[in-house]
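Descriptive analysis of the structure
So you can see what is in the structure, the chains are spelled out below.
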Amino acid sequence: MADNTLQFEWIVTIQGNLDAMFRDVPDIFVAGDHLIYPVEGNIGIRQAPDAYVAFGRPKGHRGSYAVCEEDGIFPQVIFEVWSPHNRQQEMEVKREFYEKYGAEEYYIVYPEFPAHIDGWRQENGVLARLPEMNGFVSPRLKIKFELKRGKVAIHRPDGERFLSFVELRTLAELERTHAAAEQQRAKTVEQRATVEQQRAETAEQRAAKLAARLRELGIDPDAV
């Protein structure tokens, strides 16, 4: 469980954005706050990372992630979100667990100001600490990490920033409002065009009637 609302928001944001990013890829499974059992028959060996990504595994709901039931594939990318209740020793135990069972990338997000990110990448079977995270691009996910003015940002491969649910909802509402305004603007332009067309038709009809009347009087309207 999350220790505070900021940690929970980041967990949901990371899991949700990754899941949405890979929504059209059938063999990438994304989960959050979900138990992983790496050893068959031993339920005492487990961890529940805040978010993880398993390449080569189908989508679908699971009660847990048992590696023995997942073709022996341990999730390749792991995320943890730091809270004030976490202890460094606890995080070290988690890192050793993920290293032992085959994680390729491991990230700890520290969301509170001054926010930062710690990262590790597998080298020769060991999770080696990454010296610089600002601008680092995940080899597996292709997402980029940014540290700026005491804040953390994660960007999709297309450059779009990971947005929280509230930000996504606000953006969707703004887009709907903009679309409605554009639709109303187009409707107004169409109505004005219709009015102008009607005016032109009315003027043309009046001119035709006047020309007919002049002809009745023996006057050539083209000579007037």
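The coordinates are above.
Reading the values: the criteria
Residues numbered from 1 in each chain as written. Predicted model: local features only at pLDDT ≥ 70, side-chain atom pairs only at ≥ 80, totals over all residues. Heavy atoms only, no water. Helix = DSSP H or I, 4+ residues; strand = E, 2+ residues; numbered from the N terminus. Expected span 1.5 Å × (residues − 1). Buried < 20%, exposed > 50% of the residue type's maximum accessible area, 1.4 Å probe, protein only. Arc of directions from axis to C-beta. Contact = heavy atoms within 4.5 Å. Pairing = 2+ DSSP bridges. Polar contact = N/O pair within 3.5 Å; in protein donor to acceptor, adjacent residues only side chain to side chain. Salt bridge = Lys/Arg side-chain N within 4 Å of Asp/Glu carboxyl O. Axes fitted to C-alpha atoms, helices over the stretch in contact; angles between N-to-C directions. Phe/Tyr/Trp six-rings, centres within 6.5 Å; stacked < 30°, edge-to-face > 60°. Lys NZ or Arg CZ within 6 Å of the ring centre and 35° of its normal.

Turning next to helix 2 (residues 88–101). Helix length check: helix 2, at 14 residues, gives a terminal C-alpha distance of 20 Å against a target of 20 Å (1.5 Å per residue), a fit within 8%. Restricting attention to buried positions, one finds in helix 2 the residues Met91, Lys94, Arg95, Phe97 and Tyr98. Considered in projection along helix 2, the buried side chains sweep an arc of 160° and stay on one side of the axis. Along helix 2, exposed side chains directed more than 90 degrees from the buried face belong to Gln88, Gln89 and Lys100. In this structure, the buried side of helix 2 is in contact with strand 2 (36–37), strand 5 (77–81), strand 6 (105–110), strand 7 (116–123) and strand 8 (126–129). Positioned one or two residues after helix 2, Gly102 has a phi angle of 110°, which is positive.

Note on placement: Gly60 falls in the loop between strand 3 (51–55) and strand 4 (65–66). According to the relative accessible area criterion, Gly60 is partly exposed, its value standing at 36%. Expressed as a C-alpha distance, the spacing of Gly60 and Phe29, which sit 31 residues apart in the sequence, is 7.7 Å.

With four of five residues buried, strand 10 (residues 151–155) is to be regarded as a mostly interior element. As paired elements, strand 9 (residues 144–148) and strand 10 share five bridges and run antiparallel to each other. The residue bridging Lys144 from the neighbouring strand is His155, located in strand 10. In sequence, strand 9 turns back onto strand 10 through a hairpin of two residues, with Arg149 there showing a positive phi of about 55°.

Helix length check: helix 1 (residues 5–21) (17 residues) gives 24 Å between terminal C-alpha atoms against 24 Å at 1.5 Å per residue, within 8%. Those residues of helix 1 that are buried are in contact with strand 1 (28–31), strand 3, strand 5, strand 6 and strand 10. The opening residue of helix 1 is Asn4, an N-cap whose side-chain oxygen sits 3.1 Å from the backbone nitrogen of Leu6.

We now examine the side chain of Arg57. Summarising the element assignment, Arg57 is placed in the loop between strand 3 and strand 4. Only 3.2 Å separates the side chain of Arg57 from the side chain of Asp71, close enough to count as a polar contact. Not counting chain neighbours up to four residues away, the residues in contact with Arg57 comprise Pro26, Asp27, Ile28, Phe29, Arg62, Tyr65, Glu69, Glu70, Asp71 and Ile73.

For the coordinates displayed, the defined rule picks out 14 salt bridges. For Glu167, the salt bridge identified is with Arg161, shortest N-O distance 3.2 Å. A salt bridge links Glu196 to Arg199, with the shortest nitrogen-to-oxygen separation between them at 3.1 Å. In this pair, Glu196 and Arg199 both sit in helix 3 (residues 165–216), three residues apart, roughly one turn of the helix. With relative accessibility at 45%, the residue Glu196 sits in the partly exposed group. The exposed category is assigned to Arg199, whose relative accessible area is 54%. Taken together, the shared-partner salt bridges in this structure form one network comprising Arg57, Arg62, Glu70 and Asp71.

Okay, the sheet that holds strand 6 next. Taken in spatial order, the six strands make up an open sheet running 1-3-5-6-7-8, and their pairing is mixed. Looking along the sheet, the strands with just one partner apiece sit at the ends: strand 1 and strand 8. Pairwise comparison of adjacent strand axes, ignoring direction, gives a mean angle of 15° for this sheet. Note: strand 1 against strand 3, four bridges, orientation antiparallel. Opposite Val30, over in strand 3, you have Val53 as the bridge partner.

Moving on, we come to the packing of aromatic side chains. Using the criterion set out here, one finds 14 aromatic pairs in the structure. Relative to Tyr98, the ring of Phe97 lies with its centre 5.6 Å away and its plane at 85°, an arrangement referred to as edge-to-face. Note on accessibility: Phe97 and Tyr98 belong to one class, buried. Here a set of aromatic residues connected by ring pairs shows up, and it is made of Phe74, Phe97, Tyr98, Tyr101, Tyr106 and Trp120. Taking NZ or CZ as reference, Arg140 lies 4.7 Å from the ring centre of Phe55, over its face.

These results come straight from atomic positions and should not be treated as a statement about function.
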